[in-house]
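Structure assessment
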Amino acid sequence: MPVTGYELTHLQMLEAEAIHIFREVAAEFERPALLFSGGKDSIVMLRVAEKAFWPARLPFPLLHIDTGHNFDEVLAFRDHRAAELGARLVVGSVQAAIDRGELTEDTRPGASRNQLQTPVLLDTIADHRFDAVFGGARRDEEKARAKERVYSFRDEFGQWDPKNQRPELWSLYNGRHRPGEHIRVFPLSNWTELDIWRYIAQERLEIPSIYYAHRRDVVERDGMIVAVTPLTPPRPGEAVVPRQIRYRTVGDVTCTGAVESVAATALEVIAEVAATRITERGATRADDRVSEAAMEDRKREGYF
Amino acid sequence: MAELLRVATAGSVDDGKSTLIGRLLYDTKSLFSDQLAAVERTSRERGDGYVDLALLTDGLRAEREQGITIDVAYRYFATPRRSFILADTPGHVQYTRNMVTGASTADLALLLVDARKGVVEQTRRHAFLASLLRVPHLVLCVNKMDLVDFDRDVFEKVKEEFRHFAAKLEIVDVTTIPVSALGGDNVVSRSPSTPWYDGSSLLHHLEELHFASDRNLIDVRFPVQWVVRPRSEDLPDYRGYAGQIAGGVLKPGDDVIVLPSGLTTRVAGIDTYDGPVDEAFPPMSVTVRLEDDLDVSRGDMIARPNNQPTVGQDLNLMVSWMVDAPLRRRARIGVKHTTRSVRAMVTEVCYRVDIDTLHRDETVETLGLNDIGRIALRTTSPLCYDPYRRNRGTGSVLLIDESSGATLGAGMVL
């Protein structure tokens, strides 16, 4: 690490802060886990975690809630990364919960499994008695997140109470919790979308191929570009056209839109992101567009 | 590569703070068209008659319904030179705790006054809290200059009024800027309407501010956070102490003392994932290896033998109390200081500070919600601390309710 004049770059400062958070949680909680979806934010988060405990292995497992509607490329990437780190991977399956009859799926057109993730996440947390779960959420993503703490307390139902959050001062985190309660921890709270991409470029992080421009058959729906897949077939009257696209977020296939792009490398994505005028979730996540308070409402119910 | 500057801002509904923030975000291209469109839509639906930029940060349902800001909101913007984290706190009286929270990590406090009203009670209160939390730089924006015809005398009068008050506080660096957030005057670029003003625009000031030397690079302080022991085949005996440097510059070969035990040794090496480093300074997160095999664990403090923090059980604190239940003498509470958590008893409530007059009321026996005051504590085991004025990291504590786990208040070591 080149050091001149005792100054750090903003990425080094954000990384140092995130490493501090990882170590605090590892020291003060019994059973943490790190939510790893194979999405870019969780990939960055995982690299920072690796740095925090190096040269030792991660002192906690990886956790993924698989909706059954994930991009194949992303799942393959998830398994590859876990194996590389020698990390234990815990998977909570929405499909399995549906098959067991614990959840009922909304099969109307346009429905996603986003809502169904929450009960599976909470069950998996309870089954494994996880008391702290790291998530890659950032405060620049959404207005409700802008007010969420780094340590976000959840009651026994996994609920977030925005009006009853502990004040967070300096870098002193209060992790006291009672049995049955858990916290979500967001070490990348202060990172922006651009910071994530800059870090991917700086660290030469491998990310799933769908984050870079590729040709795909798509339809335009409600102003969003939606890939044609077995789960998201074209609707009557929609024109299927091949376009050069990339994904800015990779969630459930059924509710994640793409953007037109020619960016084939992290540096090219940075140039596009720096010039863009629409937020990442606003452009491409149907689940956040339901209402002004869509994210707050889902978080109150136990969403990440 | 860009640096990171943390800014705390506070203000009331009418002083134009939201407009100023909106302008900073928009003019640095950190505000996106869909966010702006959503705000315009909501303002129209509510029949506001203007675009209420507070809606950008007021993300919670209750806030939008009641038209108030409840909590600290974090905003991000960047220029090619610097990245900025803006902790935006509401200006209501009852939210002192939010201002204290936002100011605790800030390099700079941004205050706004209405040029027509000048320094008001709230301005004094915010300046006092910024000074209490030892935010090293303060910018006073004299806003709505357009409504006083960009009159230099008005600006000078407000500036002098504030200077007079700030002299009673410990604020090192104050900059006063005449702005019109609505018109963008002196926000991003210098305004032709204020030819008599020869200082920087607000954004230029934020970009150029020298703040690297605000950190304490003299007193080595390394609170041990986590012990790294891989116990792997290739590293069977590796033992490193992980933590974030809280002060000073630590180098391999340095003589060090481990506190509170008092054992001495030398730094064998300083490791990071990206390779060993020759020097570690705040706020780097590193792993320190020591030459001797000592008993070192989380909560211990590594310092230099000739420059040690105070090791003791009796602390005098300035406290910001953040809950309804009052703080009383003999209360038993939890204390978190650096990476060490201990129990403590309040031995004395000394006085409460009236944050409007700065008067000390020594007759009080308790501190209530949003009160600021001085207390004395005795801890069950020793802490390794410095005065807050010397080091924000090793001079700050959280006060915690032992049964509910709630954060009760924040304390700064005197």
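From a predicted model like this one, the values you see are computed outputs, not experimental measurements.

**Some words on the overall build of chain B**
Assigned secondary structure in chain B consists of eight helices and 22 strands. By the compact-globule yardstick of 22 Å for 414 residues, chain B fits well, its C-alpha radius of gyration being 24 Å. A principal-axis box enclosing the C-alpha atoms of chain B has dimensions of 70 × 55 × 40 Å. Within the span of chain B, comprising 414 residues, buried residues form 49% of the whole. Pairs at least 24 residues apart make up 68% of the contacts formed inside chain B by residues separated by at least 6 positions.

**Some remarks on the overall build of chain A**
Scanning chain A from terminus to terminus reveals nine helices and 10 strands. Looking at chain A as a whole, 51% of its 304 residues are labelled buried. Pairs at least 24 residues apart make up 76% of the contacts formed inside chain A by residues separated by at least 6 positions.

**Here's the deal with the nonpolar core**
Counting residues in hydrophobic clusters, the biggest one holds 180 residues, and the most contacted among them are A:L34, A:V185, B:V7, B:A103, B:A109 and B:C141. When residues in this core are grouped by element, the largest group, nine residues, is from helix 1 (residues 10-28) of chain A. Not counting residues up to four positions away in its chain, the partners in contact with B:A109 are B:A8, B:A103, B:A130, B:V135 and B:L138.

**Concerning helix 1 (residues 17-27) of chain B**
Residues and elements named next belong to chain B. Within helix 1, nine of the 11 residues are buried, leaving the element largely enclosed by the surrounding structure. Inspection of helix 1 places K17, S18, T19, L20, I21, G22, R23, L24 and L25 among the buried residues, and these make up the whole buried set. Positioned one or two residues after helix 1, K29 has a phi angle of 60 degrees, which is positive.

**Re the sheet that holds strand 1 (residues 3-11) of chain B**
Residue and element names in this part refer to chain B. Read across the open sheet, the six strands follow the order 2-3-1-4-5-6; overall the sheet is mixed. Edge positions in the sheet fall to strand 2 (73-78) and strand 6 (173-178), since each has one partner strand and no second. Pairs of neighbouring strands in the sheet enclose a mean axial angle of 25 degrees, with direction left out of account. Relative to strand 6, strand 5 (residues 137-143) runs parallel, the two sharing six bridges. For V139, the partnering residue across the bridge sits in strand 6 and is T175. Strands strand 1, strand 2, strand 3 (82-90), strand 4 (108-114) and strand 5 of the sheet are contacted by helix 1, whose axis makes an angle of about 35 degrees with strand 2. This element, helix 5 (residues 96-104), spans strand 1, strand 3 and strand 4 of the sheet and lies at about 170 degrees to strand 3.

**Topic: the pairing of strand 16 (residues 332-337) of chain B**
Residues and elements named next belong to chain B. Bridge count between strand 16 and strand 17 (residues 340-353): six bridges; the pairing is antiparallel. If you follow V335 over to strand 17, its bridge partner there is V342. Connecting the antiparallel pair strand 16 and strand 17 is a turn made up of two residues, with T338 showing a positive phi of about 45 degrees. Strand direction decides the pairing type here: strand 16 and strand 21 (residues 396-400), joined by four bridges, are antiparallel. The residue of strand 21 that forms the bridge with K336 is L398.

**A closer look at the interface of chain A and chain B**
The partner chain B presents 61 residues to the 50 residues of chain A that form the contact. When contributions to the side of chain A that touches chain B are tallied by element, the ones reaching two or more residues are helix 1 and helix 2 (40-53) of chain A. Per-element tally for the side of chain A that touches chain B: the top contributor is helix 1 of chain A, with 11 residues. Partitioning the side of chain A that touches chain B into residue classes produces 24 nonpolar, nine polar and 17 charged.

**Brief notes about helix 5 of chain B**
Residue and element names in this part refer to chain B. Burial analysis of helix 5 places nine of its nine residues in the buried class, which makes it a mostly covered element. Considered for burial, the residues of helix 5 that qualify are T96, R97, N98, M99, V100, T101, G102, A103 and S104. Where helix 5 is buried, its residues contact strand 1, strand 3, strand 4, helix 6 (121-132), strand 14 (310-321) and strand 22 (407-413).

**Description of the domain arrangement of chain A**
Residues and elements named next belong to chain A. Per the domain assignment, the segments of chain A are domain 1 (10-196 + 293-300) and domain 2 (208-288). Look at where the C-alpha atoms of domain 1 and domain 2 centre, and you get two points 24 Å apart. Contact with domain 1, which involves 20 residues of that partner, is made by 19 residues of domain 2. Of all elements in the fold, only helix 3 (72-85), helix 6 (193-202) and helix 9 (294-300) reach the threshold of two or more residues within the side of domain 1 that touches domain 2. The leading source of residues in the side of domain 1 that touches domain 2 is helix 3, at three residues. Partitioning the side of domain 1 that touches domain 2 into residue classes produces seven nonpolar, seven polar and six charged.

**A closer look at the sheet that holds strand 6 (residues 182-185) of chain A**
Residues and elements named next belong to chain A. The six strands lie next to each other as 3-2-1-4-6-5, forming an open sheet whose pairing is mixed. Both edges of this open sheet fall to strand 3 (89-93) and strand 5 (151-154), since each of them pairs with a single strand only. Within this sheet the neighbouring strands show an average axis-to-axis angle of 30 degrees, counted without direction. Relative to strand 6, strand 5 runs antiparallel, the two being bridged by four bridges. Across the sheet, S152 pairs through a bridge with R184, a residue of strand 6.

**Regarding unusual backbone geometry**
At the junction of A:W54 and A:P55, the peptide bond is cis and its omega measures out at 5 degrees in the coordinates. For A:P55, the position within the fold is in the loop between helix 2 and strand 2 (62-66). Phi at B:R134 takes a positive value of approximately 55 degrees, unusual for a residue other than glycine. Position of B:R134 relative to the elements: it lies in the loop between helix 6 and strand 5.

**Focus: the packing of helix 2 of chain A against helix 6 of chain A**
All names here are of chain A. Interaxial distance between helix 2 and helix 6 falls to 10 Å at its minimum, and their mutual angle equals 55 degrees. One finds that helix 2 runs oblique with respect to helix 6. Between helix 2 and helix 6 lies a crossing of left-handed hand. Contact residues: K40, D41 and V44 in helix 2; I196, Y199 and I200 in helix 6.

**Overview of the pairing of strand 7 (residues 214-221) of chain A**
Residues and elements named next belong to chain A. Sheet topology places strand 7 next to strand 9 (residues 241-247); five bridges connect them, and they run antiparallel. Bridging across to strand 9, R215 finds its partner in Q244. Note: strand 7 against strand 8 (residues 224-227), four bridges, orientation antiparallel. Looking at the pairing, R221 lines up with M224 of strand 8. Hairpin connection from strand 7 to strand 8: two residues lie between these consecutive antiparallel strands, with D222 at a positive phi of about 50 degrees.

What counts as what
- Residues numbered from 1 in each chain as written.
- Chains lettered and ligands numbered in written order.
- Predicted model: local features only at pLDDT ≥ 70, side-chain atom pairs only at ≥ 80, totals over all residues.
- Helix = DSSP H or I, 4+ residues; strand = E, 2+ residues; numbered from the N terminus.
- Rg over C-alpha atoms; globule rule 2.2 N^0.38 Å.
- Buried ≥ 20, exposed ≤ 12 C-beta atoms within 10 Å, placed from the backbone.
- Contact = placed C-beta atoms within 7 Å.
- Core = buried A, V, L, I, M, F, W, Y, C linked by C-beta atoms within 7 Å.
- Pairing = 2+ DSSP bridges.
- Axes fitted to C-alpha atoms, helices over the stretch in contact; angles between N-to-C directions.
- Nonpolar A, V, L, I, M, F, W, Y, C, P; charged D, E, K, R; others polar.
- Domains from an automatic or database assignment.
- Parallel < 35°, antiparallel > 145°, perpendicular 65-115°, else oblique.
- Left-handed = near helix turned anticlockwise from the far one by under 90°.

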